[in-house]
Structures are given as structure tokens and as C-alpha cells.
Amino acid sequence: NVPEGQADKLLLASWGLPKAVLEKYHSLGVVQMFEWQAECLMLGQVLEGKNLVYSAPTSAGKTLVAELLILKRVLETRKKALLILPFVSVAKEKKCYLQ
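It should be emphasised that the depicted structure is a prediction, and the values quoted were computed from it without experimental measurement.

Asks: In this structure, what is going on with the environment of L98? I would like to understand it.
Replies: Within the secondary structure, L98 sits in helix α4 (residues 88–98). Along the backbone, L98 and K24 are 74 residues apart, and their C-alpha atoms lie at a distance of 9.1 Å.

In C-alpha cells, the structure reads:
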């Protein structure tokens, strides 16, 4: 669970993303995360580049966690990232989405 007093961490706007990124998510109806997603991002030193292993059912929102970690890391370090996706259809969707 998200610690008491940190409920604002459910909002995407609380994670220091650029306005253009937030607007894109908002246009797709994504304004906040589930508690488990925010909890993943707040675990240990995940935001500093440490590993994270998490599991959830299909369509539960795993990709959002990965996207936010990748976006924050790329924006903060100015380094490239490699996103590996399991299906061509998902890869095409994310290519358009992330551009």
C-alpha cells in the first residue's frame, strides 16, 4: 500500500514528468495510477536504477510502471533506453504512443 500521507503519489503529475508527457497520458485517460503501481515506483532504489521484478495479470497496468521508470531515467540521465515488448502489435502501439 501507498504510505499514509503519500496518496498524491497516485497522480502522474506527482512524478516530475514533463508537461507534454502528462498531457499525452491525460489525453489517453491516464491521470493516476493504481496503488500497487505507485508502490512499485517507491520500492527501495528503483528510481535510481535498481532492479524491479513485479508480476500482475494481463491488462493490469504493468507497462505503465515500466514506461514511467524508463521516461524518468531517460529524462534525468539523458541516456538511451531499450524497451523490449512481447508482440509486434504492442511494439507498434508503443512506438506511436511514445513518439
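More follows now that the structure is in view.
Asks: It is not clear to me how the packing of aromatic side chains should be interpreted in this structure. Could you clarify?
Replies: Two aromatic rings are characterised by how far apart their centres lie and by the angle between their planes. Under the definition given, this model contains one aromatic pair. Arranged with centres 6.2 Å apart and planes meeting at 40 degrees, the rings of W36 and Y54 form a pair that is tilted. Highlighted residues: W36 in helix α2 (residues 35–42) and Y54 in the loop between α2 and α3 (62–77), separated in sequence by 18 residues. The exposure class of W36 is partly exposed, given its relative accessible area of 26%. Note on Y54: relative accessible area 25%, which makes it partly exposed. Its guanidinium or amino end placed over the ring of W15, K9 lies 4.9 Å from that ring's centre, counting from NZ or CZ.

Asks: Whenever I open this one, the packing of α2 against α3 confuses me. Can you help?
Replies: Two quantities define a packed helix pair, namely the angle between the axes and the distance from one axis to the other. The contact between α2 and α3 brings their axes to 10 Å, and the two run at 35 degrees. Here α2 and α3 pass one another in a crossing that is right-handed. In this structure, α2 uses W36, Q37, C40 and L41 to contact α3, whose residues at the interface are K62, L64, V65, L68 and L69. When grouped by side-chain class, the residues that make up the contact of α2 with α3 number seven nonpolar, one polar and one charged.

Asks: Please clarify how the nonpolar core should be interpreted in this entry.
Replies: A general tendency of soluble globular proteins is for nonpolar side chains to be buried together. Formed by 18 residues in total, the largest nonpolar core has its most connected members in L12, L17, Y25, M33, L41 and L68. Elements supplying a minimum of two residues to this core: α1 (19–27), α2 and α3. Top element by residues in this core is α3. It accounts for five residues. Here L17 is in contact with L12, L22, L68, L71 and K72, once residues within four sequence places are set aside.

Asks: I keep staring at the pattern of salt bridges and nothing clicks. Help me out?
Replies: Evaluated as defined, the whole model comprises two salt bridges. We note a salt bridge from K19 to E23, for which the minimum N-O separation is 3.9 Å. Of the two residues, K19 and E23 both sit in helix α1, four residues apart, roughly one turn of that helix. Exposure remark for K19: the relative accessible area of 62% places this residue in the exposed category. According to the relative accessible area criterion, E23 is partly exposed, its value standing at 45%. Of the charged contacts in the structure, one is a salt bridge between K72 and E76, with a shortest N-O distance of 2.9 Å. In this pair, K72 and E76 both sit in helix α3, four residues apart, roughly one turn of the helix. A residue is classified by how much of its surface remains accessible, and E76, at 52% relative accessible area, is exposed.

How each quantity is defined
Residues numbered from 1 in each chain as written. Predicted model: local features only at pLDDT ≥ 70, side-chain atom pairs only at ≥ 80, totals over all residues. Heavy atoms only, no water. Helix = DSSP H or I, 4+ residues; strand = E, 2+ residues; numbered from the N terminus. Phe/Tyr/Trp six-rings, centres within 6.5 Å; stacked < 30°, edge-to-face > 60°. Buried < 20%, exposed > 50% of the residue type's maximum accessible area, 1.4 Å probe, protein only. Lys NZ or Arg CZ within 6 Å of the ring centre and 35° of its normal. Axes fitted to C-alpha atoms, helices over the stretch in contact; angles between N-to-C directions. Left-handed = near helix turned anticlockwise from the far one by under 90°. Contact = heavy atoms within 4.5 Å. Nonpolar A, V, L, I, M, F, W, Y, C, P; charged D, E, K, R; others polar. Core = buried A, V, L, I, M, F, W, Y, C linked by side-chain atoms within 4.5 Å. Salt bridge = Lys/Arg side-chain N within 4 Å of Asp/Glu carboxyl O.

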